[in-house]
Amino acid sequence: MELILASQSPRRRELLGLFRLPFVIRVADIDETMDETASAYDEVARVSRKKALAVSRGEDDVVIAADTIVVCAGKVLGKPHSPEEAVQMLSLLSGRDHQVMTGITVLRGEKAISCTEVTDIHFRELSEKEIRAYVATGEPMDKAGAYGIQGGAALFAEKMVGDYYNVMGLPVCKLRQMLFEIAPEFF
């Protein structure tokens with residue numbers, strides 16, 4: 001039995017390392033486009049399930065897949081495609097509440113568990129100068145909502161309710177519960 005992380009995210013790799021279980025990385029090559037007419041909460045879980053199903057695995061292997069989005073004022077923010085889009089996203093988040101949603105799926109054989117973890121965050125007012133300086137670091141470019149809470153954006157978050165690790169892309173407490181349900185022998 002192998003534990004497989006269906007993600008190339010260095011943050012997810014680091015967070016799964018907290019479990020002190022050996023695992024391998026297999027990246028799922030899927031279309032991550034979300035249905036804009038469906039709820040973001042449901043869609044992020046659906047995409048994580050699609051990722052889990054897309055990786056090659058043995059019959060008894062356990063697959064972990066996740067997908068993270070940021071939702072502000074009804075708008076879904078994925079990873080920015082350009083520095084200017086990152087500036088736009090951070091400007092939208094400035095002085096506002098938003099939610100970080102991570103859909104997570106744990107799959108073994110025919111059994112799959114999927115859920116969505118939500119963390120509420122409030123950003124203080126950000127000046128255009130500090131937004132542009134943060135974007136210039138390059139840090140926002142591979143992150144949903146154009147920020148990494150564990151990096152420079154730690155200076156932006158005034159309030160957070162929920163799982164900090166969810167904001168990094170892998171809600172480890174919830175994942176532990178899901179893994180125990182699918183593969184109790186890990187524990």
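Residues numbered from 1 in each chain as written. Predicted model: local features only at pLDDT ≥ 70, side-chain atom pairs only at ≥ 80, totals over all residues. Heavy atoms only, no water.

Quick look at the side chain of Thr-105
Item 1. Note that Thr-105 resides in strand 5 (residues 97-108).
Item 2. At 2.7 Å, the side chain of Thr-105 forms a polar contact with the side chain of Ser-114.
Item 3. Discounting residues that sit within four places of it in the chain, Thr-105 has contacts with Ala-45, Ser-48, Arg-49, Ala-52, Val-63, Ile-64, Ala-65, Ala-112, Ile-113, Ser-114 and Met-178. (Helix = DSSP H or I, 4+ residues; strand = E, 2+ residues; numbered from the N terminus. Polar contact = N/O pair within 3.5 Å; in protein donor to acceptor, adjacent residues only side chain to side chain. Contact = heavy atoms within 4.5 Å.)

A closer look at the side chain of Thr-68
Item 1. Relative to the helices and strands, Thr-68 is located in strand 3 (residues 62-72).
Item 2. Reaching out from Thr-68, the side chain makes a polar contact with the side chain of Arg-12 at a distance of 2.9 Å.
Item 3. Side-chain polar atoms of Thr-68 contact the side chain of Thr-102, separated by 2.9 Å.
Item 4. Not counting residues within four places of it along the chain, the set of residues in contact with Thr-68 comprises Arg-12, Val-44, Val-100, Met-101, Thr-102, Ala-144, Asn-166 and Gly-169.

Some details on a nonpolar patch on the surface
Item 1. Judged by side-chain polarity, Leu-18, Tyr-164 and Tyr-165 come together as a nonpolar surface patch covering roughly 280 Å² of accessible area.
Item 2. Mapping Tyr-165 onto the fold places it in helix 5 (residues 164-168). (Patch = residues over 30% accessible without salt bridge, like charges linked within 9 Å, V, L, I, M, F, W, Y side chains within 5 Å. Areas by Shrake-Rupley, 256 points an atom, 1.4 Å probe, with all protein chains shown as cover. Salt bridge = Lys/Arg side-chain N within 4 Å of Asp/Glu carboxyl O.)

A short note on the pairing of strand 3
Item 1. Counting buried positions over the 11 residues of strand 3 gives 11, a clear majority of the element.
Item 2. Where burial is concerned, the two faces of strand 3 agree: the one with Val-62, Ile-64, Ala-66, Thr-68, Val-70 and Cys-72 and the one with Val-63, Ala-65, Asp-67, Ile-69 and Val-71 are both buried.
Item 3. Relative to strand 3, strand 1 (residues 3-5) is paired through 3 bridges, and the arrangement is parallel. Across the sheet, residue Leu-3 finds its bridge partner in strand 3, namely Val-62. (Buried < 20%, exposed > 50% of the residue type's maximum accessible area, 1.4 Å probe, protein only. Pairing = 2+ DSSP bridges.)

Points about the packing of helix 3 (residues 83-93) against helix 4 (residues 128-136)
Item 1. Contact geometry of helix 3 with helix 4 gives a least axis separation of 10 Å together with a crossing angle of 135 degrees. Our classification of the angle between helix 3 and helix 4 gives oblique. Crossing hand, helix 3 versus helix 4: right-handed. Between helix 3 and helix 4, the contacting residues are Pro-83, Glu-84, Ala-86, Val-87, Leu-90 and Ser-91 on the first element and Ile-131, Arg-132, Tyr-134 and Val-135 on the second. (Axes fitted to C-alpha atoms, helices over the stretch in contact; angles between N-to-C directions. Parallel < 35°, antiparallel > 145°, perpendicular 65-115°, else oblique. Left-handed = near helix turned anticlockwise from the far one by under 90°.)

Notes on the pairing of strand 5
Along any regular strand, the residues point their side chains to alternate faces of the sheet.
Item 1. Summarising burial for strand 5: 10 of the 12 residues are buried, a large majority.
Item 2. For strand 3 and strand 5, the ladder comprises 10 bridges, and the chain directions are antiparallel. Bridging across to strand 5, Val-62 finds its partner in Arg-108.
Item 3. Pairing of strand 5 with strand 6 (residues 111-123) involves 12 bridges; the strand directions are antiparallel. Among the inter-strand pairings, Gly-103 is bridged to a residue of strand 6, identified as Thr-116.
Item 4. Counting the residues that bridge the hairpin from strand 5 to strand 6 gives 2 residues, and of these Gly-109 lies at a positive phi of roughly 60 degrees.

Some remarks on the layout of surface pockets
Item 1. Approximately 850 Å³ is the volume found for the largest pocket.
Item 2. Lining the largest pocket we find 38 residues, and of these Glu-32, Asp-67, Thr-68, Gly-78 and Lys-79 sit closest to its centre.
Item 3. Of all the secondary structure elements, the ones that give two or more residues to the lining of the largest pocket are helix 1 (10-16), helix 2 (40-54), strand 3, strand 4 (75-77) and helix 5.
Item 4. Per element, the largest residue contribution to the lining of the largest pocket is 4 residues, and it comes from strand 3. (1 Å grid on protein atoms, 1.4 Å probe; cavity = no way out; pocket = protein on both sides within 12 Å on 5 of 7 lines; lining within 4 Å. Points joined across faces, edges and corners; volume = space filled by probe spheres on them.)

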